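Spelled out, the chains give:
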There are 2 protein chains.
Amino acid sequence: MKRIFDVEHFVEELSKNCAITEIKKFKKDEIITTYLIRRSQMFILLKGEAYLARYDSDGNRRIIYYFKKNDVFGEAFYKIHTNRELFVVAKKDCEVLMLPYDTIESCNKDCIFHITLLKNLPDLILNRVADINYRTELLTNKSIKGKLLSYLNNLSIETNSKKVEIPISLSELADYLVIDRTAMMKQLKKLQDDKIISKNKNKITILKDDILNGV
Amino acid sequence: MKRIFDVEHFVEELSKNCAITEIKKFKKDEIITTYLIRRSQMFILLKGEAYLARYDSDGNRRIIYYFKKNDVFGEAFYKIHTNRELFVVAKKDCEVLMLPYDTIESCNKDCIFHITLLKNLPDLILNRVADINYRTELLTNKSIKGKLLSYLNNLSIETNSKKVEIPISLSELADYLVIDRTAMMKQLKKLQDDKIISKNKNKITILKDDILNGV
DNA sequence: ATGTTTTTGTGGTATTTACAACAGATTTTT
DNA sequence: AAAAATCTGTTGTAAATACCACAAAAACAT
């Protein structure tokens, strides 16, 4: 497994050397940024959790992504061609590193902070891309059963174990897979009835060898 | 709209100066690469069309992405944590630039080819990310109607016109939106009955002002 | 030009899913 | 420690969707 550069740790050590670094703190539910206009800014989440969401005209919230530590975000990752505003909101108290594009490169040549950051930025971005691709692949399943089994199968491979623990709440999982929570519960029950999995709260044991068979 | 660096044009002009550049041609239906093992290679599509697909044990093909000119792809964009192989296949005859990671930076310092490429790679990647995010956002719609209207609305904003032409076949669109084609046709018909759109083949006119309202 | 493949289009039906309503358990906030 | 909020779990029902079969139109290949 590829080791991920830990921005938080690195920032603590080196940010004092750099004059233009800006770290902002956000309380739960505060808006970190929006994607409506170009800001030529990138953000790296140092602490806490956040999500990217869209609010439709009925006030319904649709969550597009959950961001975790070391995740990179900002409007640079989006085409601005939509009339609905995207918000990044702090899910828990957050600490965010703000990176204006233009100054990323223009900082003092000897600034070890920016040199190191620049060197690691592509990896951070690629890591983020892998996350997005991973989710997209889950979403290319047409059925709830397919989404669930793909998700569980991936978890199982990642942890190299048939016993997996879903790291988010089942409510969030339903959001993440873009399915109705209660419909998901029914499928989870059916998977238990069919002896494909066993389950206790968010702890799930995969009982079959190739659960993706026939999905 | 951001101008995209055209790799094909650039390659034609400069690749002769570089010894390690490799361009490969693929015939329709040939496999360009797989994502099962780490290859430390990145690919840029210069000509033609390709798609990323997964084949399940029943031999069913599930298309994850369609790649177009200037698109960057490779296993670097994926976590390798799945036991199902991903293939990139030429949809039409293709020309592909192959970039081994390690040599991207290690080529002769004066090689203008690699210097230019390196400078533009982040943009190419970000552009690809925007595409992926765009699709993910479409897929976060729970209903066929929502997916269709989001898609049409985006097309309309992009072209700044109420009359849009779907650039792919309706079959491919259904794949792209991960919905059954015939179910999609029914929704398209319903949208016409409800006077939200009018349609002739793949030419669609949006009749309402805010079609996303209530989606 | 002719046969082949792909695409568009429609209708029927079984299945899946979303939605609503609710209650107890668990977690978080005050 | 109490109150509030979130989460898990279940049920019933209406609505949406996938799947099947089929035919005409269009695009493509020989």
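Residues numbered from 1 in each chain as written. Chains lettered and ligands numbered in written order. Predicted model: local features only at pLDDT ≥ 70, side-chain atom pairs only at ≥ 80, totals over all residues. Heavy atoms only, no water.

Draft legend 1. Quick look at the pairing of strand 7 (residues 86-90) of chain B. Residues and elements named next belong to chain B. Extensive coverage of strand 7 is indicated by the burial of five of its five residues. With burial as the criterion, each face of strand 7 is covered, one bearing Leu-86, Val-88 and Ala-90 and the other bearing Phe-87 and Val-89. In the sheet, strand 2 (residues 31-34) pairs with strand 7 via three bridges, with the strands oriented antiparallel. In the strand pairing of strand 7, Ile-31 is matched with Val-89. In this sheet, strand 7 lies alongside strand 4 (residues 50-55) in antiparallel orientation, the contact comprising five bridges. Along strand 7, the bridge assignment pairs Tyr-51 with Val-89. (Buried < 20%, exposed > 50% of the residue type's maximum accessible area, 1.4 Å probe, protein only. Helix = DSSP H or I, 4+ residues; strand = E, 2+ residues; numbered from the N terminus. Pairing = 2+ DSSP bridges.)

Draft legend 2. Region of the structure containing the interface of chain B and chain A. Opposite the 44 residues of chain B that make contact, chain A presents 44 residues. Here chain B and chain A share an interface that buries about 4,200 Å² over both sides, 54% of which is from carbon and sulfur atoms. Counting across the interface, chain B meets chain A through two salt bridges. Residues Arg-54 of chain B and Glu-137 of chain A are paired through a salt bridge, measuring 2.5 Å at the closest nitrogen-oxygen approach. (Contact = heavy atoms within 4.5 Å. Buried area = accessible area lost by both parts, 1.4 Å probe. Salt bridge = Lys/Arg side-chain N within 4 Å of Asp/Glu carboxyl O.)

Draft legend 3. Molecular detail of the protein's contact with DNA strand D. Lining the immediate environment of DNA strand D, one finds 20 residues, of which Leu-170, Arg-181, Lys-186 and Lys-199 of chain A together with Ile-144 of chain B sit closest. At the protein interface, 50% of the atoms of DNA strand D within 4 Å belong to sugar or phosphate. Side-chain polar atom of Arg-181 of chain A to a base nitrogen of DNA strand D: 2.9 Å apart, as the coordinates give it. Between DNA strand D and Lys-199 of chain A, the relevant distance is 2.6 Å, taken from a phosphate oxygen to a side-chain nitrogen or oxygen of the residue. Mapped by element, the contributors of at least two residues to the surface near DNA strand D are helix 5 (170-176) and helix 6 (181-193) of chain A together with helix 6 (181-193) of chain B. In terms of residues, the surface near DNA strand D owes the most to one element, helix 6 of chain A, which gives five residues. The class makeup of the residues in the surface near DNA strand D is five nonpolar, six polar and nine charged. (Near = heavy atom within 4 Å. Polar contact = N/O pair within 3.5 Å; in protein donor to acceptor, adjacent residues only side chain to side chain. Nonpolar A, V, L, I, M, F, W, Y, C, P; charged D, E, K, R; others polar.)

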